[in-house]
Amino acid sequence: MAFMEKPPAGKVLLDDTVPLTAAIEASQSLQSHTIVRRYSDFDLLNNSLQIAGLSLPLPPKKLIGNMDREFIAERQKGLQNYLNVITTNHILSNCELVKKFLDPNNYSANYTEIALQQVSMFFRSEPKWEVVEPLKDIGWRIRKKYFLMKIKNQPKERLVLSWADLGPDKYLSDKDFQCLIKLLPSCLHPYIYRVTFATANESSALLIRMFNEKGTLKDLIYKAKPKDPFLKKYCNPKKIQGLELQQIKTYGRQILEVLKFLHDKGFPYGHLHASNVMLDGDTCRLLDLENSLLGLPAFYRSYFSQFRKINTLESVDVHCFGHLLYEMTYGRPPDSVPVDSFPPAPSMAVVAVLESTLSCEACKNGMPTVSRLLQMPLFSDVLLTTSEKPQFKIPTKLKEALRIAKECIEKRLIEEQKQIHQHRRLARAQSHHGSEEERKKRKILARKKSKRSALENSEEHSAKYNNSNNSGSGASSPLTSPSSPTPPSTSAALGLSKRCKERDICITSTSSTSTTTSSSLASCEHRGTCPALVSGCEWREPRGLAQLYPEFPKRNFEESQNL
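Residues numbered from 1 in each chain as written. Predicted model: local features only at pLDDT ≥ 70, side-chain atom pairs only at ≥ 80, totals over all residues. Heavy atoms only, no water.

A.B. asks: Honestly, the overall build of the chain in this entry has me stumped. Any pointers?
C.D. replies: Scanning the chain for helices and strands turns up 22 helices and 7 strands. Within the span of the chain, comprising 563 residues, buried residues form 44% of the whole. Residue pairs at least 24 apart in sequence account for 69% of intrachain contacts in the chain once pairs closer than 6 positions are excluded. Within the structure as shown, the chain displays about 31,400 Å² of accessible surface, and the carbon and sulfur contribution to it stands at 52%. (Helix = DSSP H or I, 4+ residues; strand = E, 2+ residues; numbered from the N terminus. Buried < 20%, exposed > 50% of the residue type's maximum accessible area, 1.4 Å probe, protein only. Contact = heavy atoms within 4.5 Å. Areas by Shrake-Rupley, 256 points an atom, 1.4 Å probe, with all protein chains shown as cover.)

Dropping the structure here:
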């Protein structure tokens, strides 16, 4: 089969890390995705999220007068604020409860039941394992489930089984995917948590590791119990306190060393965060190398997908290391990324590393390499004492498959970043044009344009009238001989027209084209209006043919008047 000719049947194309936003509409929503929720649904969600220990601003319930228009409008604002608080919290927005509430069509399946089915099928072929208990919601992933295990002939030894299905970034062929999964137990490195057993099928993978009572690096930072649910452990810690400077230096150096090892091997990672670092004494060991093979989206994807310079898995690892270093230093994740200013740290060397990975300049210009971070003063003087030699042999054919899969993962990231960038530009343009200042500007411009078009129409009408006047004078010329000079009244009328035209004065007339100039002026006199009164034009006494030429018979003058 050609490489990625079509996606595997079991591959889940939905990216669970894509942040969801919600807006409450009083009428039918114009968006393609619409859900209908009652207040009781909000109340049920709020009760389910109480395990996080957060005080969420759900509007209170009202029994009497809950159909009043003012109350409904006020409640709508309160519920919108409630949703905003939830969707802007990185941990809450990724939990299964919120995803099912906002997107029930894509998150309607019972993933615990699916995992149990897959695990039970595994036990049929491997009878030496036995499930002790499910570890419910100890991780943040919706489609990844954990079970506490034991070996039948070693009942006191505890292990952890993790099951996960395929994600949107799974680009390996089924054969290469299963070979690489089964290759993971052979990976030996002092800073990689060893895999005891690994297997995979066309739709999911199953791995078994030793259970660690101390938990992960995140459990150490938050003083949490490893078996507690993820929301309870990390949403609202009781005490916020960072690690000691020496711990930061040692743990940071160990993590950078294993990242460099994976980058040199051409093995894509991209899933670094504090919950993926296991503590074994004073040694940090990396977890979940299988995530990139499964094609699962990263925990910090909603952060680094905003920055177009973070477009390789190496730069993703460096950026995620910045998040991890911030959490080790201050005991909590950053409020927002990029970080404008950093709180006081145990050492300025820590701030220097944070600025190179989380600052506005770093996110705009790009991340440093892992080798560059190892040379910085914070880690360069750390001595690592380990006698274990790293071993991870990947066949050449699988290395090529990994390289192609890595390029496909990066390509999807770049396309997503382009879409986010275009959406931002559109949102800024809509916000700019919808502002009150822009509305006032558009109204003023519309008025000016309307006045200008009216003025142009008037000028055009005036020019047509002048042309008709000139042609009308030519038609009445038989009253005088062709060789005779132009009558003074006619000259005055023509001069008036020219002056008014030069001064942008609009002259209107209801006379026909064949009417003589003198009769036109006479009609102005009868209506009591004369355009010559306009400033800049001369006043001339309107005179008929009888006044100009007394020798004209009276009968002819009267006939001219009648005409």
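A.B. asks: Where do I start with helix 9 (residues 245-265) in this structure?
C.D. replies: The α-helix winds at 3.6 residues per turn, so residues separated by three or four positions along the chain end up facing the same way. Counted at 1.5 Å a residue, the expected span for helix 9 with its 21 residues is 30 Å, and the 31 Å between its end C-alpha atoms agrees. Once helix 9 finishes, Gly266 follows within two positions and takes phi at roughly 75°, a positive value. (Expected span 1.5 Å × (residues − 1).)

A.B. asks: Sorry, what's going on with the sheet that holds strand 5 (residues 204-210) here?
C.D. replies: In a beta sheet, neighbouring strands are held together by backbone hydrogen bonds and run either parallel or antiparallel to one another. Taken together, 5 strands build an open sheet; the order of strands is 1-2-3-5-4 and the sheet is antiparallel. At either end of the open sheet lies a strand with only one pairing partner, and these are strand 1 (129-135) and strand 4 (197-200). Put simply, the sheet's adjacent strands are angled 25° from each other on average, direction ignored. Taken together, the 7 bridges between strand 3 (residues 154-165) and strand 5 define a ladder with antiparallel strand orientation. Bridging from a neighbouring strand, Ser162 pairs with Leu207 of strand 5. Together, strand 1, strand 2 (144-151), strand 3, strand 4 and strand 5 form the strand contacts of helix 5 (residues 111-125), whose direction differs from that of strand 2 by roughly 35°. In the packing of helix 6 (residues 174-183) onto the sheet, the strands contacted are strand 4 and strand 5, and the crossing angle to strand 4 comes to about 170°. (Pairing = 2+ DSSP bridges. Axes fitted to C-alpha atoms, helices over the stretch in contact; angles between N-to-C directions.)

A.B. asks: What's the story with the packing of helix 9 against helix 12 (residues 313-330) in this structure? I'm lost.
C.D. replies: Relative orientation and spacing of two packed helices are given, respectively, by the angle between their axes and the distance between those axes. Close contact between helix 9 and helix 12 brings their axes to 11 Å; oriented N to C, the two are set at 165°. Overall, the two elements helix 9 and helix 12 adopt an arrangement that is roughly antiparallel. Every pair of crossing elements has a handedness; the one defined by helix 9 and helix 12 is right-handed. Where helix 9 approaches helix 12, its residues Ile248, Tyr251, Gly252, Ile255, Leu256, Leu259 and His263 are matched on the opposing element by Glu314, Asp317, Phe321, Leu324, Leu325, Met328 and Thr329. Residue composition of the contact of helix 9 with helix 12, grouped by class: 9 nonpolar, 3 polar and 2 charged. (Parallel < 35°, antiparallel > 145°, perpendicular 65-115°, else oblique. Left-handed = near helix turned anticlockwise from the far one by under 90°. Nonpolar A, V, L, I, M, F, W, Y, C, P; charged D, E, K, R; others polar.)

A.B. asks: It is not clear to me how the side chain of Gln417 should be interpreted in this structure. Could you clarify?
C.D. replies: By the secondary structure assignment, Gln417 is in helix 17 (residues 396-433). Of the polar contacts made by the side chain of Gln417, one reaches the backbone oxygen of Phe307; its length is 2.9 Å. With near-sequence residues (within four places) excluded, Gln417 lies in contact with Phe304, Ser305, Phe307, Arg308, Ile310 and Asn311. (Polar contact = N/O pair within 3.5 Å; in protein donor to acceptor, adjacent residues only side chain to side chain.)

A.B. asks: Honestly, the pattern of salt bridges in this entry has me stumped. Any pointers?
C.D. replies: When charged atoms on two side chains of opposite charge get close, those side chains can pair. With the rule as written, the count across this model stands at 24 salt bridges. For Glu416, the salt bridge goes to Arg301, with nearest N and O atoms at 2.8 Å. Of this pair, Glu416 sits in helix 17 while Arg301 sits in helix 11 (residues 301-304), placing them 115 residues apart in sequence. Taken as a pair, Glu416 and Arg301 share a single burial class, namely buried. Salt bridges linked by common partners bring Lys144, Arg209, Asp288 and Glu290 together as one network. (Salt bridge = Lys/Arg side-chain N within 4 Å of Asp/Glu carboxyl O.)

A.B. asks: Would you mind going over the packing of aromatic side chains with me for this structure?
C.D. replies: Given two aromatic rings, their pairing is described by the distance between the two centres and the angle made by the two planes. For the structure shown, the criterion picks out 14 aromatic pairs. Seen from their ring centres, Trp140 and Phe299 are 5.0 Å apart, and the 65° between their planes marks the pair as edge-to-face. Linking Trp140 in the loop between strand 1 and strand 2 with Phe299 in the loop between helix 10 (290-294) and helix 11, this pair joins segments that are 159 residues apart in sequence. Judged on exposure class, the residue Trp140 and its partner Phe299 are both buried. Their ring planes at 70° and their centres at 5.0 Å tell us that Phe299 and Tyr300 sit as a pair that is edge-to-face. Pair check on accessibility: Phe299 and Tyr300 agree, each one buried. (Phe/Tyr/Trp six-rings, centres within 6.5 Å; stacked < 30°, edge-to-face > 60°.)

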